[in-house]
Amino acid sequence: MGSHESPGEAEQLPPGQRAQTQWPVLHYGPVPRFKPERWDLQVYGATVDGTKQSWDYGEFHALPTAEVSGDMHCVTKFSLVGNSWSGVLARTILELAPPAPEATHAMIWAEYGYSANLRIEDLAADATILATHRGGVELTPDHGFPLRLVVPHLYAWKGPKWVRAIEYLTADRRGFWEERGYHNTGDPWHEQRYSYQED
Ligand SMILES: Nc1nc2c(c(=O)[nH]1)N[C@H]1C(S)=C(S)[C@@H](COP(=O)(O)O)O[C@H]1N2
Ligand SMILES: [Mo]
């Protein structure tokens, strides 16, 4: 078995996944309509100084950007591979709006109340990105425009489309799918699909 860290032709997929080149649209509920003047990205909860921070659309687009590669593994067993994502690293947000030392997790909030919980270290990972583009092409509304989170080392439900906020937590709390039978951690390399697999 090769390492999933090694790029190239012999790329390994997590167990039970198959690679797909077509990018399907998959989400619960309607596609939100983007209203630039109403849009912001907020960081609140257990921040280091207890204050909420936010960036409006213009401010967010002035943040330093990065490009990372990362596969997208859906728990329904398709994997979208060979993606390059660009946007703002989640780590950049952690630096600009740091969590309190006692913060252990974060809830990522999207339009219409969709949410996913992560560990702070999942946000700090090298390839975790608030993506605006895939393959240099701006995301379409179906795929999360204007902003989606991509966490390549976890199942794709952990990456909300239409992200609006990051809430730092001092104790873990389950997000939308985690409350509905999916695994709290969702590591595809350990095939952590369902909550009944948690010990
Ligand atoms: N807001 C929101 N984000 C979401 C979802 C959702 O239902 N709502 N579904 C997740 C799941 S299960 C997957 S597989 C991916 C699908 O992303 P895509 O439609 O761009 O392929 O989005 C994730 N992000
Ligand atoms: Mo998914």
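In what follows, the structure referred to is the one given above.
So, here's what we can say about the structure. Just so we're clear, the structure is a prediction, and the values are computed from it rather than from any experiment.

So, about the sheet that holds strand β8 (residues 105-110). An order of β3-β2-β13-β8-β9 is seen for the five strands of this open sheet, with the pairing classed as mixed. Where the open sheet ends on each side, the last strands, each with one partner, are β3 (53-56) and β9 (115-119). Adjacent strand axes in the sheet meet at a mean angle of 15 degrees, parallel and antiparallel pairs treated alike.

The environment of ligand 1 is formed by 18 residues, the closest being Pro-24, Tyr-28, His-143, Arg-148 and Lys-161. Contact between ligand 1 and Pro-24: an oxygen atom at 2.6 Å from a main-chain N or O atom of the residue. In the model, an oxygen atom of ligand 1 is placed 2.8 Å from a nitrogen or oxygen of the Leu-26 main chain. For ligand 1, the accessible surface in isolation is 530 Å², of which the surrounding protein chains cover 97%.

This part is about the pairing of β8. Of all six residues in β8, five are buried; the element is thus mostly enclosed. Relative to β9, β8 runs antiparallel, the two being bridged by five bridges. Bridge pairing links Met-107 to Asn-117 in β9. The hairpin formed by β8 and β9 contains four residues between the paired strands, and Tyr-112 there has a positive phi angle of roughly 65 degrees. When β8 meets strand β13 (residues 163-169), the two strands line up antiparallel, connected through six bridges. Across the sheet, the residue bridging to Met-107 is Glu-167, located in β13.

Turning next to unusual backbone geometry. Excluding glycine, most residues fall at negative phi; most peptide bonds, likewise, are trans. Geometrically, the link from Phe-145 to Pro-146 is a cis peptide bond, its omega value of 10 degrees lying close to zero. By the secondary structure assignment, Pro-146 is in the loop between β11 (137-138) and β12 (148-150). The phi dihedral of Tyr-112 is positive, around 65 degrees, even though this residue is not glycine. Looking at the element boundaries, Tyr-112 is found in the loop between β8 and β9. Positive phi, normally seen in glycine, also occurs at Trp-162, with a value near 60 degrees. Tracing the chain through its elements places Trp-162 in the loop between β12 and β13. Its relative accessible area of 7% is what places Trp-162 among the buried residues.

Parameters at a glance
Residues numbered from 1 in each chain as written. Chains lettered and ligands numbered in written order. Predicted model: local features only at pLDDT ≥ 70, side-chain atom pairs only at ≥ 80, totals over all residues. Heavy atoms only, no water. Pairing = 2+ DSSP bridges. Helix = DSSP H or I, 4+ residues; strand = E, 2+ residues; numbered from the N terminus. Axes fitted to C-alpha atoms, helices over the stretch in contact; angles between N-to-C directions. Near = heavy atom within 4 Å. Polar contact = N/O pair within 3.5 Å; in protein donor to acceptor, adjacent residues only side chain to side chain. Areas by Shrake-Rupley, 256 points an atom, 1.4 Å probe, with all protein chains shown as cover. Buried < 20%, exposed > 50% of the residue type's maximum accessible area, 1.4 Å probe, protein only.

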